[in-house]
Amino acid sequence: MAYSAGMVSSLFWLSETRKTAQLLKDGTDVKAIRVLAQTENIYQVKNEIRARKIANVIIKRLHSLPVDCFELIVTGDIATVKLIILISIMKTDRLFLSLFIRCIARAILLGETVITDLAINSFFDEKKQQNETVAAWTEMTTKKLKQQYIKNLLDAGVIQNEAEQRKIIIPLVDYNLRKLLEDHGFTPYLNAITGEA
């Protein structure tokens, strides 16, 4: 999977993900979900193009997960659902995964409690030196991507704004989610989020 700036226009979409997981769980096929998004505005957005984009991104994220996760997304507590969505973003956005491992997981392992702008900026500076695609992005694209990544981390509940800094929050992982992730080979994602080795 190549690096992409697609996250600039992709939000966390908690309620939309739950709604889509319910439809998939109920047997609605992907094509029908896209049609519902456009014709019945199931995501309550202003235009059909945006509705289709949301459907496509969420479906891609959900298909990166074990089907067993759909039940937890639909019925699980909000914290659990947020972690599942976070993992789906990590699975579908290579740059976000790299940033998470470099800036959050590493900080947790080192006992650090905050993520700094310096760490995020250094990560992007290194990626620009290492990757032609990232190097070709405008400063505005990079700035928007950084903002969206931070917003997703905030929405997932793994960081929180506190006194002009972003505090890292190590989440408690529901036993059923932990077991499901371990059974399907998602232990590296679980370890990144919790700082476990």
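Above this text sits the structure in question.
Residues numbered from 1 in each chain as written. Predicted model: local features only at pLDDT ≥ 70, side-chain atom pairs only at ≥ 80, totals over all residues. Heavy atoms only, no water.

Enquirer: Lay out the overall build of the chain with the relevant residues and their values.
Expert: Helix and strand content of the chain: 11 helices and three strands. When its helices and strands are written in sequence order, the chain yields α-α-α-α-α-α-β-α-α-α-β-β-α-α. The C-alpha atoms of the chain give 17 Å as radius of gyration, which agrees with the globular expectation for 197 residues (16 Å, within 12%). Taken along its principal axes, the extent of the C-alpha atoms in the chain is 45 × 40 × 35 Å. Here the chain, with 197 residues, has 47% of them falling under the buried criterion. Once local pairs closer than 6 in sequence are excluded, the contacts in the chain between residues at least 24 apart make up 67%. Counting every atom, the chain has about 10,100 Å² of accessible surface; 52% of that belongs to carbon and sulfur. (Helix = DSSP H or I, 4+ residues; strand = E, 2+ residues; numbered from the N terminus. Rg over C-alpha atoms; globule rule 2.2 N^0.38 Å. Buried < 20%, exposed > 50% of the residue type's maximum accessible area, 1.4 Å probe, protein only. Contact = heavy atoms within 4.5 Å. Areas by Shrake-Rupley, 256 points an atom, 1.4 Å probe, with all protein chains shown as cover.)

Enquirer: Quick rundown of the pairing of strand S2 (residues 159-162)? Include the residues and the values.
Expert: Relative to strand S3 (residues 165-168), S2 runs antiparallel, the two sharing four bridges. Bridging from a neighbouring strand, Glu 162 pairs with Gln 165 of S3. Between S2 and S3, which pair antiparallel one after the other, the connecting turn spans two residues, and Ala 163 there sits at a positive phi close to 50°. (Pairing = 2+ DSSP bridges.)

Enquirer: Help me get a handle on the pattern of salt bridges, residues and values and all.
Expert: The final tally for this structure, using the stated rule, is seven salt bridges. When the shortest N-O distance is used, the salt bridge between Glu 126 and Arg 102 registers 3.0 Å. Of the two residues, Glu 126 is situated in helix H7 (residues 117-130) and Arg 102 in helix H6 (residues 94-109); the sequence distance between them amounts to 24 residues. Across the pair Lys 151 and Asp 155 runs a salt bridge whose closest N-O atoms are separated by 3.1 Å. Note that Lys 151 and Asp 155 are positioned in helix H9 (residues 139-156) at a spacing of four residues, about one turn of the helix. We classify Lys 151 as partly exposed; its relative accessible area is 39%. Asp 155 sits in the partly exposed class, given a relative accessible area of 24%. (Salt bridge = Lys/Arg side-chain N within 4 Å of Asp/Glu carboxyl O.)

Enquirer: Mind laying out the packing of aromatic side chains, listing which residues take part and the relevant values?
Expert: If you walk through the whole model with that rule in mind, you get five aromatic pairs. Ring geometry for Phe 186 against Tyr 189: centres 5.7 Å apart, planes inclined by 45°, an arrangement best described as tilted. Each member of the pair, Phe 186 together with Tyr 189, is buried. Ring pairing ties together the aromatic residues Phe 96, Phe 100, Phe 123, Phe 124 and Tyr 149, which thus form one cluster. Positioned above the aromatic ring of Tyr 3, the side-chain terminus of Arg 94 is 4.3 Å from the ring centre. (Phe/Tyr/Trp six-rings, centres within 6.5 Å; stacked < 30°, edge-to-face > 60°. Lys NZ or Arg CZ within 6 Å of the ring centre and 35° of its normal.)

Enquirer: Now, about H6: what can you tell me, with residues and values included?
Expert: For H6, built from 16 residues, the straight-helix expectation of 22 Å at 1.5 Å per residue is met to within 8% by its first-to-last C-alpha distance of 21 Å. The axis of H6 is deflected most strongly, by about 35°, at Ile 101. Where H6 begins, the capping side chain belongs to Asp 93, and its oxygen is found 3.1 Å from the backbone nitrogen of Leu 95. Within two residues after H6, Gly 111 carries a phi angle of roughly 80°, on the positive side. (Expected span 1.5 Å × (residues − 1). Bend = angle between axes of the 7 residues up to and from the residue. Polar contact = N/O pair within 3.5 Å; in protein donor to acceptor, adjacent residues only side chain to side chain.)

Enquirer: Account for the sheet that holds strand S1 (residues 114-115), naming residues and giving values.
Expert: Spatial strand order, S1-S3-S2: three strands in an open sheet with antiparallel pairing. Each edge of the open sheet is held by one strand with a lone partner, namely S1 and S2. Along the sheet, H9 contacts S2 and S3; its crossing angle with S2, the most-contacted strand, is approximately 100°. (Axes fitted to C-alpha atoms, helices over the stretch in contact; angles between N-to-C directions.)

Enquirer: Lay out helix H3 (residues 48-63) in plain terms, naming residues and giving numbers.
Expert: The end-to-end C-alpha distance of H3 is 22 Å, a good match for the 22 Å that 16 residues give at a rise of 1.5 Å each. The complete set of buried residues in H3 reads Ala 51, Ile 54, Ala 55, Val 57, Ile 58, Ile 59, Arg 61 and Leu 62. Considering only its buried residues, H3 is in contact with helix H1 (14-25), helix H2 (30-39), helix H4 (69-75) and helix H5 (78-92). Where H3 starts, the residue carrying a side-chain oxygen 3.1 Å from the main-chain nitrogen of Ile 49 turns out to be Asn 47.

Spatial relationships are all this shows, so hold off on functional conclusions.
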